[in-house]
Amino acid sequence: MSTEQTFIAIKPDGVQRGLVGPIISRFESRGYKLVAIKLMTASKEHLENHYSDLAGKPFFPGLIAYMGSGPICAMVWEGREVVKMGRAMLGATNPLASAPGTIRGDYCIDVGRNICHGSDSVDAAKKEIALWFKPEEVQSWKPAQFDWVYE
Ligand code: DAT
Ligand code: MG
């Protein structure tokens, strides 16, 4: 049980579809803390770096084009076990395999339009946060509700 940070992004389709608010609400309501946020249209180079582990996959060129097609809402969320819980809240990579109640299970259908990204490990989160944010863009603060969320 550790306090962690994770990189969560609302992809261009999620931004275009007006899902920034609902997705942020889920993390806020759960009790997680927003420590960084910005809208950013990412360059091809930036996205190839972000998804470097997938270079060579047949869907890679389409993935990079889709991710660069408009602004992304990039965020860092902090809290206990937030990396693993963030993935659980997002749902499976393929929305058709995502349970209703998850973000992908409630809001999307195609794997190539799955509206959100979440780091898959603590190490990946550290790399992704460093890629998307400068250290001074990540805030350190104590929410008023903190002692009502954690025992
Ligand atoms: P995740 O986003 O759940 O971490 P991933 O890292 O394996 O999944 O893949 C990154 C993104 O690439 C994923 O969100 C959507 C796209 N993708 C993955 N597998 C795909 C496939 N078989 N066809 C099309 N797009 C795919
Ligand atoms: Mg991934």
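Residues numbered from 1 in each chain as written. Chains lettered and ligands numbered in written order. Predicted model: local features only at pLDDT ≥ 70, side-chain atom pairs only at ≥ 80, totals over all residues. Heavy atoms only, no water.

Colleague: Outline the side chain of Asn 114, listing residues and values.
Modeller: Position of Asn 114 among the secondary structure elements: in the loop between helix 6 (103–107) and strand 4 (116–118). Asn 114 gets classed as buried once you look at its relative accessible area, which sits at 2%. Among the polar contacts listed, one links the side chain of Asn 114 to the side chain of Lys 11, at a separation of 2.7 Å. If sequence neighbours within four positions are ignored, Asn 114 has contacts with Lys 11, Asp 13, Tyr 66, Thr 93, Pro 95, Arg 104 and Cys 108. (Helix = DSSP H or I, 4+ residues; strand = E, 2+ residues; numbered from the N terminus. Buried < 20%, exposed > 50% of the residue type's maximum accessible area, 1.4 Å probe, protein only. Polar contact = N/O pair within 3.5 Å; in protein donor to acceptor, adjacent residues only side chain to side chain. Contact = heavy atoms within 4.5 Å.)

Colleague: Describe the sheet that holds strand 4, and please don't skip the residues or the numbers.
Modeller: If you walk across this open sheet you meet the 4 strands as 2-3-1-4, and the pairing is antiparallel. A strand with exactly one partner marks an edge of an open sheet, and here the two such strands are strand 2 (33–40) and strand 4. For this sheet the average axis-to-axis angle between neighbouring strands, irrespective of direction, equals 20°. Summarising the sheet, strand 1 (residues 3–10) and strand 4 pair through 3 bridges and their orientation is antiparallel. (Pairing = 2+ DSSP bridges. Axes fitted to C-alpha atoms, helices over the stretch in contact; angles between N-to-C directions.)

Colleague: Provide a residue-level description of the pattern of salt bridges, including the pertinent values.
Modeller: This model, assessed by the stated rule, comprises 6 salt bridges. Notably, a salt bridge pairs Lys 44 with Glu 48, separated by 3.0 Å at the nearest N-O pair. Pair noted here: Lys 44 and Glu 48 are both in helix 3 (residues 44–50), with a separation of 4 residues, about one helical turn. Its relative accessible area of 30% is what places Glu 48 among the partly exposed residues. (Salt bridge = Lys/Arg side-chain N within 4 Å of Asp/Glu carboxyl O.)

Colleague: Quick one: what's the story with helix 5 (residues 82–90), residue by residue and with numbers?
Modeller: Residues three or four positions apart in an α-helix share a direction because the helix packs 3.6 residues into each turn. Those residues of helix 5 not exposed but buried are Val 82, Val 83, Gly 86, Met 89 and Leu 90. Across the axial projection of helix 5, the buried residues extend over an arc of 125°, all falling on one side. Looking at the buried positions of helix 5, the neighbouring elements they touch are strand 1, helix 2 (20–30), strand 3 (72–80), helix 6, strand 4 and helix 7 (122–132). Once helix 5 finishes, Gly 91 follows within two positions and takes phi at roughly 100°, a positive value. (Arc of directions from axis to C-beta.)

Colleague: Tell me about the UniProt feature "domain: Nucleoside diphosphate kinase-like" (unreviewed entry) in the protein chain, and name the residues and values.
Modeller: With numbering matched to this structure, UniProt assigns "domain: Nucleoside diphosphate kinase-like" (unreviewed entry) to residues 3–140. Taken end to end, residues 3–140 has its terminal C-alpha atoms 13 Å apart, with 41% of it in helix and 20% in strand. (UniProt positions renumbered as here; feature names shortened; annotations may be inferred.)

Colleague: I'd like a description of helix 2, backed by residues and values.
Modeller: Those residues of helix 2 that fall on the buried side of the exposure criterion are Ile 23, Ile 24 and Phe 27. The buried side chains of helix 2 occupy one side of the element, clustering within an arc of 95° when seen end-on. For helix 2, the elements touching its buried residues are strand 1, strand 2, strand 3, helix 5 and helix 6. Downstream of helix 2 by one or two residues, Gly 31 has phi in the positive range, about 115°.

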